[in-house]
Amino acid sequence: TLGAKAAYVGKVKDDQLGRIFANDIRSLGVGFEVPPAPKEAGEEETGRCMVLVTPDGERSMNTYLGVSAALTPEDVDAALMADTKWIYLEGYRFDGFDSQEAFRKAIAATKAAGGKVSITLSDPFCIERHRSLFRQMCIEEVDLLFANEHELVSLYETGTLEEAMEAARKEVELVAVTVGPAGAHILNGAETVHAPAAPMQRVDATGAGDLFAAGFLYGLTQGRDLQTCGTMGCVAAGEVISHIGARPEEDLRKLFSRFGLH
């Protein structure tokens, strides 16, 4: 709803859910041109996730990856990557050799054309499976690291968030760390900017991290300062946690205007 130009790279199957997903995401104005896995290609189906939300707004996810785990370098359009200001890599998709090679192709094509790379760590369990590779990628390739406080502590294996933040700022140019109701810390070299959480009731935390990243990246692509980018991220996250479901129900541009974010 922010109006930025976006595309999605992911794998679905040519089945009912895959067709629904493809139609749905394109209807939102998001480019999605990855060919689906054919019906006869193995037993795996389009991936899906069952999310259980407790009364305190926390959620537990039961995920079936399906053919999403079959993403390969051939699914990455180098020309699309070269036409991109920022790519947003999903840490969950780091499972599997082919997916890691797809990451590398996307990174190389983006950076060769002057674009930048962001990644979200996704989950402490995901970090435990790939910690050394994540660290190497952060040092060598990543321009912007998204993480919540638990993920950052897991990545750097520190006792406190403050120690993890100090380690992260030495390895990555820009770090955005969400801290729940306390908002977010943005690290840029020696500089630290704090963005407060939006004053909204938490009903369902599903999608909070991705919506924070969406608001933050939108701000960056529009040339906003880091304080504004962080606040945009917090407002977008605040909207999505205020109701059941992982997509905004309110026009984010109008919401940004109400918060004085122009």
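Above this text you will find the structure in question.
Predicted model only: the values in this text are computed from it and were never measured.

K.L.:
Describe the environment of Lys5, naming the residues involved and giving the relevant values.
P.N.:
Following the sequence through the fold, Lys5 ends up in the segment before α1 (16–27). Separated by 26 residues in sequence, Lys5 and Gly31 place their C-alpha atoms 8.4 Å apart.

K.L.:
Help me get a handle on helix α7 (residues 208–221), residues and values and all.
P.N.:
A rise of 1.5 Å per residue sets the reference length of α7, with its 14 residues, at 20 Å; its end C-alpha atoms lie 20 Å apart and thus fit the reference within 8%. All buried positions along α7 are accounted for by Leu211, Phe212, Ala213, Gly215, Phe216, Leu217, Tyr218 and Gly219. Phi for Gly223, located one or two positions after α7, is positive at around 80 degrees.

K.L.:
Can you lay out a nonpolar patch on the surface for me, pointing to particular residues and giving the numbers?
P.N.:
A cluster of nonpolar side chains, Val51, Val53, Met61, Tyr92 and Ile244, forms an exposed patch at the surface whose accessible area comes to about 390 Å². By the element assignment, Ile244 lies in the loop between α8 (226–241) and α9 (252–258).

K.L.:
Kindly report on the sheet that holds strand β8 (residues 191–195), identifying the contributing residues and their values.
P.N.:
Strands in a sheet are paired, the pairing made by backbone hydrogen bonds, and the direction either parallel or antiparallel. In spatial order, the strands read β3-β4-β5-β6-β7-β8; together these six strands make up an open sheet with mixed pairing. The two strands at the open ends of the sheet, each matched to only one other strand, are β3 (86–90) and β8. Between one strand axis and the next, the sheet turns by 15 degrees as a mean value, whatever way the strands run. Pairing between β3 and strand β4 (residues 116–120): five bridges, direction parallel. The residue of β4 that forms the bridge with Leu89 is Ile119.

K.L.:
Provide a residue-level description of the packing of α7 against α8, including the pertinent values.
P.N.:
Relative orientation of the contacting elements α7 and α8 amounts to 145 degrees, with a least axis distance of 7 Å. Between α7 and α8 the crossing geometry is right-handed. The residues of α8 that touch α7, namely those facing Ala208, Leu211, Phe212, Gly215, Phe216, Tyr218, Gly219 and Leu220, are Leu226, Cys229, Gly230, Met232, Gly233, Cys234, Ala236, Ala237, Val240 and Ile241. Partitioned by chemical class, the residues of the contact of α7 with α8 number 14 nonpolar, four polar and no charged.

Each value, and the rule that gives it
- Residues numbered from 1 in each chain as written.
- Predicted model: local features only at pLDDT ≥ 70, side-chain atom pairs only at ≥ 80, totals over all residues.
- Heavy atoms only, no water.
- Helix = DSSP H or I, 4+ residues; strand = E, 2+ residues; numbered from the N terminus.
- Expected span 1.5 Å × (residues − 1).
- Buried < 20%, exposed > 50% of the residue type's maximum accessible area, 1.4 Å probe, protein only.
- Patch = residues over 30% accessible without salt bridge, like charges linked within 9 Å, V, L, I, M, F, W, Y side chains within 5 Å.
- Areas by Shrake-Rupley, 256 points an atom, 1.4 Å probe, with all protein chains shown as cover.
- Salt bridge = Lys/Arg side-chain N within 4 Å of Asp/Glu carboxyl O.
- Pairing = 2+ DSSP bridges.
- Axes fitted to C-alpha atoms, helices over the stretch in contact; angles between N-to-C directions.
- Left-handed = near helix turned anticlockwise from the far one by under 90°.
- Contact = heavy atoms within 4.5 Å.
- Nonpolar A, V, L, I, M, F, W, Y, C, P; charged D, E, K, R; others polar.

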